[in-house]
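Chain residues, written in single-letter form:
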2 protein chains.
Amino acid sequence: MAPPQILSSTNLKSLFESVDTFLFDCDGIVSGFFSPLSQFEILVMGDTLIHGVSQTLDLLRSKGKNVVFVTNNSMKSRRQYAEKFGSLGLTSVTQNEIFSSSFAAAMYLKVNNFPKDKKVYVIGGEGIIEELKIAGFSGFGGPEDDEKKAQWKSNSLFEHDKSVGAVVVGLDPNINYYKLQYGTLCVRENPGCLFIATNRDAVGHMTDLQEWPGAGCMVSAMCGSTDREPIVVGKPSTFMMDFLLQKFGTETSRMCMVGDRLDTDILFGQNAGCKTLLVLSGVTSEENLLEESNNIKPDYYTSMVSDIMKLMESP
Amino acid sequence: MAPPQILSSTNLKSLFESVDTFLFDCDGIVSGFFSPLSQFEILVMGDTLIHGVSQTLDLLRSKGKNVVFVTNNSMKSRRQYAEKFGSLGLTSVTQNEIFSSSFAAAMYLKVNNFPKDKKVYVIGGEGIIEELKIAGFSGFGGPEDDEKKAQWKSNSLFEHDKSVGAVVVGLDPNINYYKLQYGTLCVRENPGCLFIATNRDAVGHMTDLQEWPGAGCMVSAMCGSTDREPIVVGKPSTFMMDFLLQKFGTETSRMCMVGDRLDTDILFGQNAGCKTLLVLSGVTSEENLLEESNNIKPDYYTSMVSDIMKLMESP
């Protein structure tokens, strides 16, 4: 494998020629400011947008490049993410540039012609319900079941909707037995019912000080009660890639994954066949990258996202 | 494999000579009467103790046989199970004859010299807490955490007890994110912390009309957030067998597993090296047993547990 190259005005030029889509991986260590939901470490430092990020994104767009912000976080819809970006000063980011695992779940159903007369039961946040609705599907459950209790009583039947054709499971901070029983009954008893996971991340930085159970926790709970494995639509599944390839009419070799973590962002990009650019403004230092024990080598690396603009502007 | 023999006064005599311990598998389809917690179908029919069961157990004891009631249900302690048996008219059943997965969890810690100054965090029912206490361990969590909420707030730290050396997970009808975060932090952050599952049954008949998520649901949730596999102490783990062999100074070939289900009770008994006796008073019919597609063959089968007494008394 070729050693990673420091991004320069020369190789940036060839990168620009060889790719038409930049994927920004937005999962990682959350900053206090964004807690609990946003994970934009490669774009921010502390509470502040990294200088030049907004202009860099504008530059990419002006050069005709597609810009996509990718996150496994399913708690929000793309609309809510765009608002979050706006509150950061990134008002140029539109819903169409955001690919969240909540959106991925809805798109999986759409791409696979999920019948509109079937319903979707959701274990997870409002973001999934909203994305399903926008895609024309009828989702229920989610936050409305947060306080519901399942009763173990003789002769009582836990009723579930027989028209549920898919259960979507994502991160759910209000997971409870009612939701698990509802989802379990649908998957076990409704013929052909799909079991879809937004993602299976074991933990995430829901607060700035420590890790908390991620969607992998709720998804595995459902695996345990259904003896089924889910269809995963978020990373590291390549559903997103396949979807974007269709949307942009491109190929993965013409995509560049930009991220700050070797074992997730860069590895995922490489496995999908993308070019990869590591930014050192997050969890990975140049020392980490270059140490002998590391065998995940991005194609390129640079200090921060805004270097792209600086290098473009340099003579 | 030899075909199963119908229990007769002749082969019962040889069974009696070859075994010294009878294990009664008490998991299965619950009867309405016992809902939600007891699962004694091989001893009861509808709401009534099967005629002769009590006398049969007395007969076994009087012949010097050990009698053990085995259940994967961890919600209750042995004391609570004995009370349940008493309410059925089986007043002769003592705590010492009951082997529940709640007890198994406590015994696993005891046998493995779990330090008394370490604590145990429990995701599950009161039965586990009680068995831990009886065994001299300090357990906490369980029902006392049913209503607790985990808060995702900036700069807030979810505190957990660093002296927790084991997390025991069983069936928990009040599973929530707080408990999962507590258990996850202990397993991930306390060095050497054990992760023990009472059992991994996917579902169980918590009510008479349908199946509900079993302990496997909560255990898998913890697997999902910790990336760890648990130590399982209930069936089909053979921890129980190993424990009983020590206790009774016997060997598995001198044990007979009595149950009504081929794919769990009988298979488990066979895998452990026990003799096996299928009773037809539960879910398996003689037709099921003898059909060609079935390849799980017990050593013996009979209509009901009380046949043992009848055959002993027949000339």
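Fair warning: this is a prediction, and the values are worked out from it, not measured in the lab. (Residues numbered from 1 in each chain as written. Chains lettered and ligands numbered in written order. Predicted model: local features only at pLDDT ≥ 70, side-chain atom pairs only at ≥ 80, totals over all residues. Heavy atoms only, no water.)

Re the domain arrangement of chain A
Next up, step 1: Once the domains are mapped, chain A shows domain 1 (5–72 + 236–313) and domain 2 (114–232).
Next up, step 2: Relative placement of domain 1 of chain A and domain 2 of chain A: their C-alpha centres are 31 Å apart. (Domains from an automatic or database assignment.)

Examining the sheet that holds strand β13 (residues 231–232) of chain B
Residue and element names in this part refer to chain B.
Next up, step 1: Taken in spatial order, the five strands make up an open sheet running β8-β7-β9-β10-β13, and their pairing is parallel. Edge positions in the open sheet fall to β8 (138–141) and β13, since each of these has one partner strand only.
Next up, step 2: Direction of pairing for strand β10 (residues 194–197) relative to β13: parallel, over a ladder of two bridges. When the sheet's bridge partners are listed, Ala197 is paired in β13 with Val232.
Next up, step 3: Sheet contacts for helix α4 (residues 101–111): β7 (119–123), β9 (164–169), β10 and β13; angle to β10, the most-contacted strand, approximately 145 degrees.
Next up, step 4: Docked against the sheet, helix α5 (residues 126–134) engages β7, β8 and β9, running at close to 160 degrees with respect to β7. (Pairing = 2+ DSSP bridges. Helix = DSSP H or I, 4+ residues; strand = E, 2+ residues; numbered from the N terminus. Contact = heavy atoms within 4.5 Å. Axes fitted to C-alpha atoms, helices over the stretch in contact; angles between N-to-C directions.)

Looking at the pattern of salt bridges
Two side chains carrying opposite charge are able to pair once their charged atoms lie near each other.
All names here are of chain A.
Next up, step 1: Counting across every chain of the model gives 30 salt bridges over all chains.
Next up, step 2: Here Arg61 ties to Glu97 by a salt bridge, and the two come within 2.6 Å at their closest N and O atoms. With Arg61 in helix α2 (residues 53–62) and Glu97 in the loop between α3 (78–87) and β6 (98–100), this residue pair connects regions lying 36 residues apart in the sequence.
Next up, step 3: Classification of Arg61 by relative accessible area gives partly exposed; the value is 22%.
Next up, step 4: Among the salt bridges present, the one from Asp307 reaches Lys310, with a minimum N-O distance of 3.6 Å. Taken together, the positions of Asp307 and Lys310, both in helix α11 (residues 307–313) and three residues apart, correspond to about one turn of that helix.
Next up, step 5: What makes Asp307 buried here is its relative accessible area of 10%.
Next up, step 6: The network of salt bridges with shared partners includes Asp58, Arg61 and Glu97. (Salt bridge = Lys/Arg side-chain N within 4 Å of Asp/Glu carboxyl O. Buried < 20%, exposed > 50% of the residue type's maximum accessible area, 1.4 Å probe, protein only.)

A word on the pairing of strand β14 (residues 255–259) of chain B
Residues and elements named next belong to chain B.
Next up, step 1: Here β14 lies mainly inside the structure; five of its five residues are buried.
Next up, step 2: Both faces of β14 are covered, namely the face carrying Met255, Met257 and Gly259 and the face carrying Cys256 and Val258.
Next up, step 3: Here strand β2 (residues 21–25) runs beside β14; their pairing, made up of four bridges, is parallel. Within β14, the residue paired with Phe24 across the bridge is Val258.

Concerning the side chain of Ser54 of chain B
Residues and elements named next belong to chain B.
Next up, step 1: Looking at where Ser54 falls in the secondary structure, it is placed in helix α2 (residues 53–62).
Next up, step 2: The buried category is assigned to Ser54, whose relative accessible area is 18%.
Next up, step 3: Here Ser54 is in contact with Leu49, Gly89 and Leu90, once residues within four sequence places are set aside.

What about the confidence of the model for chain A?
Next up, step 1: When pLDDT is averaged along chain A, the result is 90, and 93% of the positions lie at 70 or above.
Next up, step 2: Ignoring residues within four places in sequence, the model shows residues 29–39 of chain A, a span with pLDDT below 50, making 38 contacts including any to other chains. (pLDDT = per-residue confidence, 0-100.)

Observations regarding the interface of chain A and chain B
Next up, step 1: Counting from both sides, the interface comprises 46 residues of chain A and, opposite them, 46 residues of chain B.
Next up, step 2: Interface of chain A and chain B: buried area, both sides summed, is about 3,700 Å²; carbon and sulfur atoms make up 62% of it.
Next up, step 3: Together, Trp152, Tyr177 and Trp212 of chain A form the three largest contributors to the area buried by chain A at its contact with chain B, with a combined 21%.
Next up, step 4: Taken together, the links from chain A to chain B amount to four salt bridges.
Next up, step 5: Between Glu147 of chain B and Lys149 of chain A there is a salt bridge, with the nearest N and O atoms lying 3.4 Å from each other.
Next up, step 6: Scanning the region where chain A abuts chain B turns up eight residue pairs in polar contact (both at pLDDT 80 or more).
Next up, step 7: For the side of chain A that touches chain B, a count of residues per class yields 22 nonpolar, 16 polar and eight charged. (Buried area = accessible area lost by both parts, 1.4 Å probe. Polar contact = N/O pair within 3.5 Å; in protein donor to acceptor, adjacent residues only side chain to side chain. Nonpolar A, V, L, I, M, F, W, Y, C, P; charged D, E, K, R; others polar.)

Looking at the UniProt feature "binding site: Mg(2+)" (unreviewed entry) in chain A
Residues and elements named next belong to chain A.
Next up, step 1: Look at the UniProt record and you will see "binding site: Mg(2+)" (unreviewed entry) annotated at Asp25, Asp27 and Asp260. Spanning 236 residues, the named residues nonetheless gather at one spot, since no C-alpha pair among them exceeds 9.2 Å.
Next up, step 2: Its location among the elements puts Asp25 in strand β2 (residues 21–25).
Next up, step 3: A polar contact is formed between the side chain of Asp25 and the side chain of Lys235, at a distance of 2.7 Å.
Next up, step 4: Among the structural elements, Asp260 can be located in the loop between β14 (255–259) and α9 (262–272).
Next up, step 5: Accessibility expressed as a relative area gives 0% for Asp260, which makes it buried. (UniProt positions renumbered as here; feature names shortened; annotations may be inferred.)

Notes on the nonpolar core
Next up, step 1: In terms of nonpolar packing, the biggest core is built from 61 residues, with Val167 of chain A together with Val167 of chain B touching the most fellow members.
Next up, step 2: The residues contacting Val167 of chain A, other than those within four sequence positions of it, are Tyr121, Gly183, Cys186, Val187, Cys193, Leu194, Phe195, Ile196 and Met222 of chain A. (Core = buried A, V, L, I, M, F, W, Y, C linked by side-chain atoms within 4.5 Å.)

Some remarks on the packing of aromatic side chains
Next up, step 1: This structure, assessed with the given rule, holds 38 aromatic pairs over all chains.
Next up, step 2: Centroid distance Trp152 of chain A to Trp212 of chain B: 6.4 Å. Interplanar angle 75 degrees. Geometry classified as edge-to-face. Placement of Trp152 of chain A in the loop between β8 (138–141) and β9 (164–169) and of Trp212 of chain B in strand β12 (residues 212–213) is noted, with the two residues assigned to different chains. Each of the two residues, Trp152 of chain A as well as Trp212 of chain B, counts as buried.
Next up, step 3: Taken together, the ring pairs connect Tyr121, Phe140, Trp152, Phe158, Tyr177, Tyr178 and Tyr182 of chain A together with Trp212 of chain B into an aromatic cluster.
Next up, step 4: Positioned over the ring face of Phe137 of chain A is Lys116 of chain A, at 4.9 Å from the centre of the ring. (Phe/Tyr/Trp six-rings, centres within 6.5 Å; stacked < 30°, edge-to-face > 60°. Lys NZ or Arg CZ within 6 Å of the ring centre and 35° of its normal.)

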